[in-house]
Amino acid sequence: AAGRVFAFRDARWAPDPVLEPSVAVRTPQPVPLVIDNGSFQTRAGWASADPSVPAEPLLRFRSLAARSRGARGGAGAETQVGNDLGSPEPLRWLLRSPFDRNVPVQLELQELLFDHVFQRLGVSSQGCVDHPIVLTEAVCNPLYSRQMMSELLFECYQVPKVSYGVDSLYSFYHNRRQNWPCSGLVISSGYQCTHILPVLEGRLDAKNCKRINLGGCQAAVYLQRLLQLKYPGHFAAITLSRMEEILHEHSYIAEDYIEELQKWRSPEYYENNVHKMQLPFSNKLLGSTVASEEKQERRQQQLRRLQELNARRREEKLQLDQERLDRLLYIQELLEDGQMDQFHKALVELNMDSAEELQSYINKLSLSVEQTKQKILQAEVNIEVDVVDSKPETPDLDPLGSEQSLEDVESINEFEPLFAEEQPEVEKSVAAVQPVFNLAEYHQLFLGTERIRAPEIVFQPSLIGEDQAGIAETIQFVLERYPKEQQAILVQNVFLTGGNAMYPGLKARIQKELLEMRPFQSSFQVHLASSPVLDAWYGARDWAVEYMTREEGWITRKDYEEKGGEYLKEHCASNVYVPIRLPKQTPRTAEALAPSRALTSSTSNPCEQA
């Protein structure tokens, strides 16, 4: 609606509770644990055909960890994971992710995420995790990453068996219908990357997969820069968390980007479609006056705090002066007792020259102690203070009217700004301090073309200076690697999944791009995942329930020990396993011995040569 204002939710993450698994999870045998290990969010739950076990991911948290610095003299550093962080913005510079793009490379952080999953799901086995693990991995995952992940699961957690699969293929597996062909073109756009995956006869054609290094993360950073340039006065308030909220709830993909920009040039279209995001602001600046009774109450509270502060400082000063006075009196007693050696040694320690100087210090300290005692007694008597003061100056807090100590002056100076802004004489009417502009509108972000510019980077990476091809060009490049018959088969099932598939208008944009690149009067079909974010977990669960009792797709501990951590058993939703083939090297000893033998045979017996 025109002129509609949206408020930022700034929702805090609720900590994940420790769940108690049902009996069906462990009997008659431990059921698989499905973990969708995404670079944006981790989702975990059980895979069981028993109706008592929820068919939903029980844990959903951001794949982030933060290690706070320990307090001085207190407890050590504390590590928080996922939803235990509460809000990411106060800890933005401490946040760490195990992922580089969409590949886990920091295995110590990945171990923290696994610990969080196993603890909160209530895995109760001692010293190990005795459940099979179904884990998602990146397309064409590097062998080193899989090797480290298998080593972590088998060596650290002692899992019985593991299965790896691609998240977008699991989503494709979950959304398959009876009349769907086994082949298709999967377009998966997530937080860090966008993939174009051709699937032929139910298996991934890994040789022709393509990746675009753009996703929701880059869109959020781009939107943040656009709005910070547009509203430099709200630079700090334009955070990444709020940009992600705008992308999730207020952005869309234009079917024709240039045509949509032309629409936004119209003032009427702008007024009808602009989204106004309200930033939080303080109502004190709106000229609201405080009642005189409330001001007096505040003034009384401030004076009470000041009195308590002065009393505490006087007591500390009295105790310190009394200790000094006792020390000086003890030295004076040494003089009276005739212990001259000890007396002179004590004078040297005090940096004094004579007994007269010692007596002068004793007199000054005695006077100071007596004055401090009188102030403390007088302050206890005069507890009630009259706070109504017509003088604009700071009220005299010394009831004796004597000279104030340096500590008293400093304490008054600390509260001087508080008194200055609470003077009864300087009260003004509301109209006198009412600003000339609407302060609420000043704290609003007007989202116009930014709603389509940020998501557009996956189609036009040049908007942010990236030298990459967009989705449309990449689709055309992948299709041209096949003969026309296979191209026609692939475009009959173009499947959209991933977090960016939630943008309104993505399906229509892909249809428009395919219409432009496909031959005249050729047919194609574009399908959208039923739940683009969660279908990867649902597909992995479906696969685990179906293949729970089979050996296909499962890597056992024996396989790990015999064939290495990079070993992969392929299945319908997995990567293609390409083992490491090292070239066979001929022994260097044989190469070195051959010429030497020839040399010795030619020179050992000169008589035979003659």
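Residues numbered from 1 in each chain as written. Predicted model: local features only at pLDDT ≥ 70, side-chain atom pairs only at ≥ 80, totals over all residues. Heavy atoms only, no water.

## Focus: helix α3 (residues 167-174)
Of all the eight residues making up α3, six are buried; the element is thus mostly covered by neighbouring parts of the structure. When we look at burial in α3, the residues that qualify are S168, L169, Y170, S171, F172 and Y173. (Buried < 20%, exposed > 50% of the residue type's maximum accessible area, 1.4 Å probe, protein only. Helix = DSSP H or I, 4+ residues; strand = E, 2+ residues; numbered from the N terminus.)

## What to know about the packing of aromatic side chains
Working definition: an aromatic ring pair is given by the centre-to-centre distance plus the angle between the planes. Enumeration according to the criterion identifies 12 aromatic pairs in this entry. Both rings, one in F118 and one in Y157, keep their centres 5.0 Å apart while their planes meet at 75 degrees; by these two values the pair is edge-to-face. A residue pair is termed long-range when its members are at least 10 positions apart, and F118 in helix α1 (residues 107-120) and Y157 in the loop between α2 (143-156) and β11 (161-166) qualify at 39 residues. Across the pair, exposure class does not vary: F118 and Y157 are buried alike. Relative to Y269, the ring of W264 has its centre 5.3 Å away and its plane inclined at 90 degrees; by these criteria the two rings are edge-to-face. The class for W264 is buried, based on a relative accessible area of 6%. (Phe/Tyr/Trp six-rings, centres within 6.5 Å; stacked < 30°, edge-to-face > 60°.)

## What to know about the pattern of salt bridges
Side chains bearing opposite charge may pair, as long as their charged atoms lie close to each other. Going through the model one piece at a time under the given rule, you end up with 22 salt bridges. Close ionic contact of K317 with D321 constitutes a salt bridge, the shortest N to O distance being 3.1 Å. Residue K317 and its partner D321 are both found in helix α8 (residues 292-336); the two are separated by four residues, about one turn of the helix. Among the ionic pairs, R541 bridges to D542, the shortest N-O distance being 3.7 Å. Exposure remark for R541: the relative accessible area of 15% places this residue in the buried category. Note on D542: relative accessible area 25%, which makes it partly exposed. (Salt bridge = Lys/Arg side-chain N within 4 Å of Asp/Glu carboxyl O.)

## Notes on the nonpolar core
In summary, soluble globular proteins display a tendency toward joint burial of nonpolar side chains. One finds L227, I246, L445, I471, I475 and I510 to be the most contacted residues of the largest nonpolar core, which totals 44 residues. At the level of elements, β12 (184-189), α4 (216-230), α5 (240-250), β17 (444-447), α15 (471-479), β18 (494-497) and α17 (506-517) are the ones that each hand at least two residues to this core. It is α4 that provides the largest number of residues to this core, a total of six residues. Setting aside chain neighbours within four positions, we find I471 in contact with T194, I196, I212, V458, F459 and I510. (Core = buried A, V, L, I, M, F, W, Y, C linked by side-chain atoms within 4.5 Å. Contact = heavy atoms within 4.5 Å.)

## Points about α17
Under the 1.5 Å per step criterion, the end-to-end length of α17 is 17 Å for 12 residues, consistent within 8% with the ideal 16 Å. Among all positions of α17, only L506, R509, I510, E513, L514 and M517 are buried. The arc enclosing the buried residues of α17, seen along the axis, measures out at 135 degrees, which places them on a common side. Turned more than 90 degrees away from the buried face of α17, the exposed residues are L515 and E516. Contact partners of the buried residues in α17: β12, α15, β18 and β19 (526-528). (Expected span 1.5 Å × (residues − 1). Arc of directions from axis to C-beta.)

## Some details on the sheet that holds strand β1 (residues 5-7)
A sheet is described by the order of its strands in space; here three strands give the open sequence β1-β16-β17, paired in mixed fashion. Both edges of this open sheet fall to β1 and β17, since each of them pairs with a single strand only. Shown here is a sheet whose adjacent strand axes are inclined to one another by a mean of 30 degrees, direction ignored. Pairing analysis gives four bridges linking strand β16 (residues 275-278) to β17, with the strands arranged antiparallel. Each bridged residue has a counterpart across the sheet, and for K276 the counterpart in β17 is F446. Each of β1, β16 and β17 touches α5; the most contacted strand, β16, lies at about 145 degrees to it. (Pairing = 2+ DSSP bridges. Axes fitted to C-alpha atoms, helices over the stretch in contact; angles between N-to-C directions.)

## Quick word on the pairing of strand β3 (residues 41-46)
Taking burial as the measure, the six residues of β3 include six buried ones, the bulk of the element. Alternating residues of β3 divide into Q41, R43 and G45 and T42, A44 and W46, and every residue in both groups is buried. Taken together, the five bridges between strand β2 (residues 33-37) and β3 define a ladder with antiparallel strand orientation. Within the sheet, the bridge partner assigned to N37 lies in β3 and is T42. Hairpin geometry of β2 and β3 is characterised by an intervening segment of three residues between the two adjacent antiparallel strands.

## Digging into the sheet that holds strand β7 (residues 95-96)
Ordered in space as β6-β5-β7, the three strands form an open sheet in which the pairing is antiparallel. Looking at which strands have only one partner, the edges of the open sheet turn out to be β6 (78-81) and β7. One ladder, built from two bridges, connects strand β5 (residues 65-68) with β7; its direction is antiparallel. Residue pairing for β7: A66 is matched across the bridge by L95. Where α1 meets the sheet, it contacts β5, β6 and β7, and its direction lies at approximately 70 degrees from that of β6.

## Topic: the UniProt feature "coiled-coil region" (unreviewed entry) in the chain
The sites that carry the UniProt feature "coiled-coil region" (unreviewed entry) are, in the present numbering, residues 292-326 and 355-382. In residues 292-326, helix accounts for 100% and strand for 0%; the two terminal C-alpha atoms are 50 Å from one another. (UniProt positions renumbered as here; feature names shortened; annotations may be inferred.)

## Topic: empty space enclosed by the protein
Under the criterion given, the structure shown has two cavities of 30 Å³ or more. Taken as a whole, the largest cavity spans an internal volume of roughly 70 Å³. Lining the largest cavity, in full, are I187, S188, S189, I253, V458, I471, L496, T497, N500, A501, Y503 and L506. Residue assignment for the lining of the largest cavity shows that the elements contributing at least two residues are β12 and β18. Broken down by element, the residue count for the lining of the largest cavity peaks at three residues, all from β12. Residues that form the lining of the largest cavity fall into these classes: eight nonpolar, four polar and no charged. (1 Å grid on protein atoms, 1.4 Å probe; cavity = no way out; pocket = protein on both sides within 12 Å on 5 of 7 lines; lining within 4 Å. Points joined across faces, edges and corners; volume = space filled by probe spheres on them. Nonpolar A, V, L, I, M, F, W, Y, C, P; charged D, E, K, R; others polar.)

## Some words on the environment of L534
Mapped onto the elements of the fold, L534 is located in the loop between β19 and α18 (535-546). When the C-alpha positions of L534 and R43 are compared, they lie 8.3 Å apart, and in sequence the two are 491 residues distant. Apart from the residues within four sequence positions on either side, L534 is in contact with R43, P57 and R60.

## Some words on the packing of α8 against helix α9 (residues 340-349)
Packing of α8 against α9 brings their axes to within 8 Å, and their N-to-C directions diverge by 145 degrees. As α8 runs across α9, the sense of the crossing is left-handed. Along its contact with α8, which presents R327, I331, L334 and L335, the element α9 presents M340, Q342, F343, A346 and E349. Across the contact of α8 with α9, the residue classes break down as six nonpolar, one polar and two charged. (Left-handed = near helix turned anticlockwise from the far one by under 90°.)

## A few points about the side chain of S163
Summarising the element assignment, S163 is placed in strand β11. A distance of 3.1 Å separates a polar atom in the side chain of S163 from the backbone oxygen of G553. Each residue touching S163, except ones within four places of it in the same chain, is listed here: I133, V134, L135, Y170, W543, G553, W554 and H571. (Polar contact = N/O pair within 3.5 Å; in protein donor to acceptor, adjacent residues only side chain to side chain.)

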